[in-house]
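Geometric and topological summary
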Amino acid sequence: MARGWQDALARARAEAPFLARALQRQPQLVSLLEAGQGDAALEWARQAGDNAASLGIALRRERLAYATALAIGDLAGAFSLDFVMVELSDLADRALDLAINDAIERRVEGAEPRGLIALALGKHGAHELNYSSDIDPILLYDPQTLPRRDRDEPGEAAQRYAREVVKTLAETTDEGYVFRVDLRLRPASEVSPLAISCNAALTHYESLALAWERAAFIRARAAAGDIAAGEQFLEAIKPFVWRSSLDFGAIDEIRRLTARIRSNYKGPNAVGPGFNLKHGRGGIREVEFFAQTHQLIHGGRDPSLRLRGTRAALDALAAAGRIDPEQAQSLGDAYDRLRVIEHRIQMMNDQQTHALPAGEALDAVARLDGLRDGAALVEELAAVTDTVARNYDRLLDGGKGAEPVEAAAPALGERLQALGLAEPERLAERVHGWRDGRYQALKSSAAVDAFDAMLPALLEAFAKADDPEHALLRWESVLANASSAINLFRLLEARPGLLDQLMAVLTLAPTLAEELGRRPELLDTLIDASALDLPGDVAAIAARMEAGDASRDYERQLDRIRIVTGELRFALGLQLIQAVHDPLEIAAALSRTAEAALQVAHRAACEEFARKHGRIADSELLVLGLGRLGGGALTHASDLDIIYLFTGETGAESDGERPLGGTHYYNRLAQRVSAALSVPTAHGALYEIDTRLRPQGAQGPLASTLQAFAKYQHEAAWTWEHMALTRARVLAGSDEAKQQLETIIADVLGQVRDPDTLRADVLKMREEMALHKKPGGPLDAKLLRGGLVDLEFIIHFLQLRERTGFSPDLGSAIDALADAGLMPPEIRKAHDLMTRLLIAGRLLCPDQAEPPPAAAEALAQACQCETYPDLLRRLSEARGAVAALWLKTFDQKLELEQ
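Residues numbered from 1 in each chain as written. Predicted model: local features only at pLDDT ≥ 70, side-chain atom pairs only at ≥ 80, totals over all residues. Heavy atoms only, no water.

1. Remarks on the overall build of the protein
Applicable threshold: Helix and strand assignments come from DSSP, with helices taken as H or I runs of at least 4 residues and strands as E runs of at least 2, each series counted from the N terminus. Any residue under 20% of the maximum accessible area for its type is buried, any over 50% is exposed, and the rest in between are partly exposed; the area is computed with a 1.4 Å probe on protein chains only. Neither His nor the chain termini are counted; the positive set is Lys and Arg, and the negative set is Asp and Glu. Every charge is mapped to an atom, namely NZ of Lys, CZ of Arg, CG of Asp or CD of Glu.
Looking only at helices and strands, the protein features 39 helices and 11 strands. Summarising its shape, the C-alpha atoms of the protein cover approximately 105 × 75 × 60 Å along the three principal directions. Considering the protein as a whole, with its 898 residues, one finds that 55% of them fall into the buried category. For the protein, the centre of its 101 positive side-chain charges and the centre of its 131 negative side-chain charges are spaced 2 Å apart.

2. With respect to the sheet that holds strand β3 (residues 138-141)
Remark on secondary structure: sheet strands pair via backbone hydrogen bonds, oriented parallel or antiparallel. Test applied: By this definition, two strands are paired if DSSP reports at least two bridges between them. Note on geometry: axes are C-alpha line fits, over the in-contact stretch for helices, and angles between N-to-C directions span 0 to 180 degrees. For this analysis, residues touch if any pair of their heavy atoms sits within 4.5 Å.
The strand order across the open sheet built from 4 strands is β5-β3-β1-β6, with neighbouring strands paired in mixed fashion. A single partner strand is all that each edge strand has here, and the edge strands are β5 (195-197) and β6 (221-225). Averaged over all pairs of adjacent strands, the angle between their axes in this sheet comes to 35 degrees, without regard to strand direction. Bridge count between strand β1 (residues 116-120) and β6: 4 bridges; the pairing is antiparallel. Residue Ala118 lies in a different strand from β6, and its bridge partner there is Ala224. Sitting on the sheet, helix α11 (residues 227-236) touches β1, β3 and β6, and the angle it makes with β6 is about 155 degrees.

3. Thoughts on the environment of Arg729
Stated precisely, the cut-off is as follows: Side-chain atoms alone can form a polar contact between residues adjacent in sequence; in general such a contact is a pair of N or O atoms within 3.5 Å, and within protein one must be able to donate a hydrogen while the other accepts it.
Position of Arg729 relative to the elements: it lies in strand β11 (residues 729-732). The exposure class assigned to Arg729 is partly exposed, which follows from its relative accessible area of 26%. When the C-alpha positions of Arg729 and Leu626 are compared, they lie 6.5 Å apart, and in sequence the two are 103 residues distant. When neighbours within four sequence positions are excluded, Arg729 is seen to be in contact with Glu595, Val623, Leu624, Gly625, Leu629, Gly630, Gly632 and Pro808. Reaching out from Arg729, the side chain makes a polar contact with the side chain of Glu595 at a distance of 3.0 Å.

4. A few points about the pattern of salt bridges
The criterion, for reference: Salt bridge, as used here: a side-chain nitrogen of Lys or Arg that lies within 4 Å of a carboxyl oxygen of Asp or Glu.
One pass over the full model with this rule turns up 51 salt bridges. Between Glu288 and Arg285 there is a salt bridge, and its shortest N-O distance comes to 3.9 Å. Placement of the pair is Glu288 and Arg285 together in helix α14 (residues 284-298), with a separation of 3 residues, close to one helical turn. The buried category is assigned to Glu288, whose relative accessible area is 2%. Accessibility expressed as a relative area gives 18% for Arg285, which makes it buried. The salt bridge partner of Arg729 is Glu595, with a shortest N-O separation of 3.0 Å. Within this pair, whereas Arg729 is found in strand β11, its partner Glu595 is found in helix α28 (residues 583-613), the two being separated by 134 residues in sequence. Via salt bridges that share partners, Asp74, Arg337, Arg344, Asp369 and Glu380 belong to a single interconnected network.

5. Structural notes on the nonpolar core
Heads up, the rule is: In plain words, nonpolar cores are sets of buried Ala, Val, Leu, Ile, Met, Phe, Trp, Tyr and Cys residues tied together by side-chain atoms within 4.5 Å.
By size, the foremost hydrophobic cluster in this structure holds 160 residues, and its most contacted members are Trp434, Phe462, Leu624, Met823 and Leu859. If you tally residues by element for this core, the top one is α28, at 14 residues. Counting 97 residues, the second-largest nonpolar core is a separate cluster that includes Ala48, Tyr131, Leu169 and Phe275.

6. Side note on helix α4 (residues 38-46)
Because an α-helix packs 3.6 residues into every turn, residues spaced three or four apart end up facing the same way. To keep it simple, the criterion reads: It is the directions from the helix axis to the C-beta atoms whose arc is reported.
Residues of α4 that are buried: Gly38, Ala41, Leu42 and Ala45. Looking straight down α4, one finds that the buried residues subtend no more than 95 degrees of arc, so they occupy a single side.

7. Concerning the packing of helix α35 (residues 788-802) against helix α39 (residues 868-890)
Test applied: Crossing handedness is defined as follows: a turn of the near helix away from the far one that is anticlockwise and smaller than a right angle gives a left-handed crossing, while the clockwise case is right-handed. Each residue is assigned to one class: nonpolar for Ala, Val, Leu, Ile, Met, Phe, Trp, Tyr, Cys and Pro, charged for Asp, Glu, Lys and Arg, and polar for all the others, Gly among them.
Axis separation between α35 and α39 bottoms out at 10 Å; the angle between their running directions is 35 degrees. Here α35 and α39 pass one another in a crossing that is left-handed. Residues Asp790, Leu791, Phe793, Ile794, Phe797 and Leu798 of α35 form the contact with α39, whose participating residues are Val882, Leu885, Trp886, Thr889 and Phe890. Within the contact of α35 with α39, the residues separate by chemical class into 9 nonpolar, 1 polar and 1 charged.

8. Regarding empty space enclosed by the protein
So the rule is basically this: Here a cavity is any set of points on a 1 Å grid over the protein atoms alone where a 1.4 Å probe fits but cannot get out, and a pocket is any open set with protein on both sides within 12 Å along at least 5 of 7 lines; a residue lines the site when it has an atom within 4 Å of a point. Grid points are joined across faces, edges and corners, and a volume is the space filled by probe spheres set on the points.
Applying the stated rule across the entire model yields 6 cavities of 30 Å³ or more. In this model, the largest cavity occupies a volume close to 50 Å³. In terms of lining, the largest cavity is formed by Leu779, Asp780, Ala781, Leu837, Leu838, Gly841, Arg842, Cys845 and Gln848. Of the residues assigned to the lining of the largest cavity, the class counts are 5 nonpolar, 2 polar and 2 charged.

9. Thoughts on unusual backbone geometry
Positive phi values are uncommon outside glycine, yet Ala579 reaches one of about 55 degrees. The exposure class of Ala579 is partly exposed, given its relative accessible area of 30%. The phi dihedral of Arg803 is positive, around 55 degrees, even though this residue is not glycine. Topologically, Arg803 is positioned in the loop between α35 and α36 (810-819).

10. Some details on the side chain of Ser704
On the secondary structure map, Ser704 appears in strand β10 (residues 703-705). Apart from residues no more than four positions distant in its own chain, Ser704 is found in contact with Tyr644, Leu645 and Phe646.

11. Some words on the state of the cysteines
To keep things clear, this is the line we draw: Disulfide assignment relies on a single distance test, namely cysteine sulfur atoms paired within 2.5 Å.
Evaluation of the coordinates by the stated rule reveals 0 disulfides. Take Cys865: it sits in no disulfide, and the sulfur closest to it among the cysteines is that of Cys863, at 5.8 Å. A relative accessible area of 6% means that Cys865 is categorised as buried.

12. Things to note about the side chain of Asp226
Tracing the chain through its elements places Asp226 in the loop between β6 and α11. A polar contact is formed between the side chain of Asp226 and the backbone nitrogen of Gly115, at a distance of 2.9 Å. For Asp226, the side chain forms a polar contact with the main-chain nitrogen of Ala229, separated by 3.2 Å. In contact with Asp226, other than residues within four places in its own chain, are Pro113, Arg114, Gly115, Leu116 and Ile117.

13. Quick look at the packing of aromatic side chains
Test applied: Pairing of aromatic rings covers Phe, Tyr and the six-membered ring of Trp, with a centre-to-centre limit of 6.5 Å; geometry is then stacked below 30 degrees between planes, edge-to-face above 60, and tilted otherwise. Charge over a ring is defined by NZ of Lys or CZ of Arg lying within 6 Å of the ring centre and within 35 degrees of the ring normal.
Under the counting rule described, the total for this entry stands at 10 aromatic pairs. When the centroid spacing of 4.8 Å and the interplanar angle of 70 degrees are considered together, the rings of Tyr205 and Phe217 count as edge-to-face. Of this pair, Tyr205 sits in helix α9 (residues 198-207) while Phe217 sits in helix α10 (residues 211-217), placing them 12 residues apart in sequence. Exposure class is identical for Tyr205 and Phe217. Each is buried. An aromatic cluster is built from Phe609, Phe646, Tyr665 and Tyr666, whose rings are joined through pairwise contacts. Seen from the ring of Tyr66, Arg94 lies directly overhead, with NZ or CZ sitting 5.5 Å from the centre. Sitting over the ring of Trp886, Arg785 keeps its end group 5.6 Å from the ring centre.

14. Here we look at the confidence of the model for the protein
Low-pLDDT portions of the prediction should not be read for the details of their coordinates. As a reminder, the rule being used: The pLDDT value expresses, per residue, how confident the predictor is, ranging between 0 and 100.
On average, residues of the protein carry a pLDDT of 88, and 91% of them reach 70 or more. The low-confidence segment residues 399-410, where pLDDT is below 50, has 15 contacts with residues more than four positions distant or belonging to other chains.

15. Re the environment of Leu779
Among the structural elements, Leu779 can be located in the loop between α34 (755-772) and α35. Residue Leu779 is classed as buried on the basis of its relative accessible area of 4%. Sequence separation of Leu779 and Leu875 is 96 residues, and the distance between their C-alpha atoms is 8.6 Å. Beyond its immediate stretch of four places on either side in the chain, Leu779 contacts Leu837, Cys845, Gln848, Ala849, Glu850, Pro851, Leu859, Tyr868, Leu872 and Leu875.

16. Let's talk about the packing of α28 against helix α30 (residues 662-678)
For clarity, the cut-off: Orientation is classified from the angle alone, with under 35 degrees giving roughly parallel, over 145 giving roughly antiparallel, 65 to 115 giving roughly perpendicular, and any other angle giving oblique.
At a minimum axis separation of 9 Å, α28 and α30 run at an interaxial angle of 135 degrees. One way to sum up the angle between α28 and α30 is to call them oblique. The two elements α28 and α30 meet at a crossing, and its hand is right-handed. In this structure, α28 contributes Ala597, Leu598, Ala601, His602, Ala605, Cys606, Glu608, Phe609 and His613 to the contact, and α30 contributes Tyr665, Arg668, Leu669, Arg672, Val673, Ala676 and Leu677.

17. Here's the deal with α39
Here is the rule we go by: The span expected for a helix works out to 1.5 Å for each residue beyond the first.
When the terminal C-alpha atoms of α39 are compared, their 33 Å separation across 23 residues agrees well with the 33 Å that a helix rising 1.5 Å per residue should span. Within the span of α39, buried status applies to Tyr868, Asp870, Leu871, Leu875, Ala878, Arg879, Val882, Ala883, Leu885, Trp886, Thr889 and Phe890. Residues of α39 that are buried sit in contact with α34, α35, α37 (827-844) and α38 (853-862). Its side-chain oxygen 3.1 Å from the backbone nitrogen of Asp870, Thr867 forms the N-cap of α39. Looking at the residues trailing α39, positive phi occurs at Asp891, about 55 degrees.

In structure tokens:
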């Protein structure tokens, strides 16, 4: 091990003048390095400034020792690139923090360093400082908390502290310097003071900031000073950096910025003497911008991409499916190698340079790295930069080459006629009218350019629709409500495949199209590869709804529930109409989404209610789900069937400033939960809540005690209420309370019943339903005789008669009853087919009538049938199987409608 350190020391002395001088000045450090004691050398470096006459001298000695120890450990292969960059960044944090403390202490003795914040940006923020980096902090201050003398204005005090910090770190003395400090990344740096108030900075980033500033803040962190206040500021501007609505105009600006950097670069384009490893083609900056551009596009919707480190960001982009894993690996390896050589160059003379030197100096850099000579280094770097450049070229070229429509405007009518669209000339005028300024989304030239680029493909898609006129009307609704065409057309231009998804929504699913018309931002969900993935479990969905600071504000929490639910329901609808997943899986995912929304709303409402009315000790509100919610198989049209119950005694009283008795408390709280789930906010409505299955129906209280519920179910409930309980599932409440309620339900369902009375009740109920609820059409898999309602009645009758097979999930209940020999196993296929038809039909044929050809084909695919006629045949067979089971179970023949 020591041999590697000896070799590193030899190369440093022979090839790097700065390192040779630094080693000569620090013999104690050299002894540790010669012995291969890297950790001890770093510990010695941390203490190198002890007993110095001033902070400035102490920091300069520590920095010199640190630079020396890290360089030798790096050359010896003992310290990795990541380790070196993190150690340098941590040193910068410590130095900044000490400089801030010192500046304040010398002005206001004994004051805590509150109110002055140093935000680290760039490589410092990412913990990727290079060997001779400058640092680019933004200094902010809070006028309310900044320590100052009585006669000092807050702004004046902040500027004094900022000047002292820069002087402490950047001034070159006989001891050297600590870090060069560049404050030009602050807002409006050409006219603004060195330190900016937090409010002024917040105003700038919310209204005046440019796209490059968004990119800069990807890697920002609170590094020194008042860390807590800095983190609070970064949280406040998170919506500026990570936008949930995609802004391809900003992305184009980043592309143009990088193109300008390339065009303004004056060095040689080919790797060789003078080539700049940072700014040259295929250099360090291009890897960083490659990662940051993708982060800006996708990070607003995917928090897993919000990483500061370049290599970490590339890996996260690959893991999320945004770039190829091989691309992430090759760019990451290239980045690491370029950074290593950058360090070698800077070790030579401790200068902030990125250019390859010429002649003997180039050979010295190569030998310092362990290579034969400069030619070997140039050959290697040429291959590395070529890899980076080719990947970045593709990013710069994105979205170009479309033909504007205006140039071909006179022929638009002919093109529409060739597409087979009716009344082509009238339609041509209508299309031109979209661009005449009537829509806010099409008032900028950039928006019109983007619109023109994607219009030919859009019109061709309309021509293929079953009903082009209705599709056009839905499109115009989207256009009328979209706030920015850049957020819409650039999305379609950047990902042409998304046009197929958009047209599927506009032409196949009226319900989704109407929702999209109200909320065009839902299109942003389509850019995520995860838009075609099923959401996670209830806890994961709930975590999305409670992410960020939404949970700290009740109204914002309700909005957040609606935003996430709307996005997931829209994405699941798209998956359904494009047959990406089995409708049974879609139904389960819709149920998980509703359950998460209910749990989050329940928690939020309970917290909000308790602020005014307090809580009742040893008591809580439970939510019982029934019907399709309880069974975990919602459709896009389902309401939520729930019963509210509470534990404890009715006479208890809450402990808040406005106390309520138990019954009043929980009925008011239940109303609050229902409102949280159903009342429209700025982000729309959520669910229809149906509580009519509660004891005594609409005449009973909204919330009852568990004891009252148990008494009612045992003594007064109708048979149909017990049938409903077979699909009951506790959705909100503590584990202990859930267990109590589940025991009550099990006792009710397990009671002995008279078979003849049960049969009579079930048949009477079905006859009344058939009389008052007629099938909506030939595809009404629910209400057609032999459909799902008949099958559910059979299942519930057998469950209650035999006291077995209880499961809220009908599929599982069928399996259990079949295992018990009470029904044929084949009936599960009939159930699954008709359930798929019910779920998919809610979007593709909401009136249950025969759909037009394209929708019929999509419906057949969703139901896992080869053709629409095949679907009809299998539906008829499934109804026949249910009718046969009905006859066997009830000794009654069903008349099947055709």
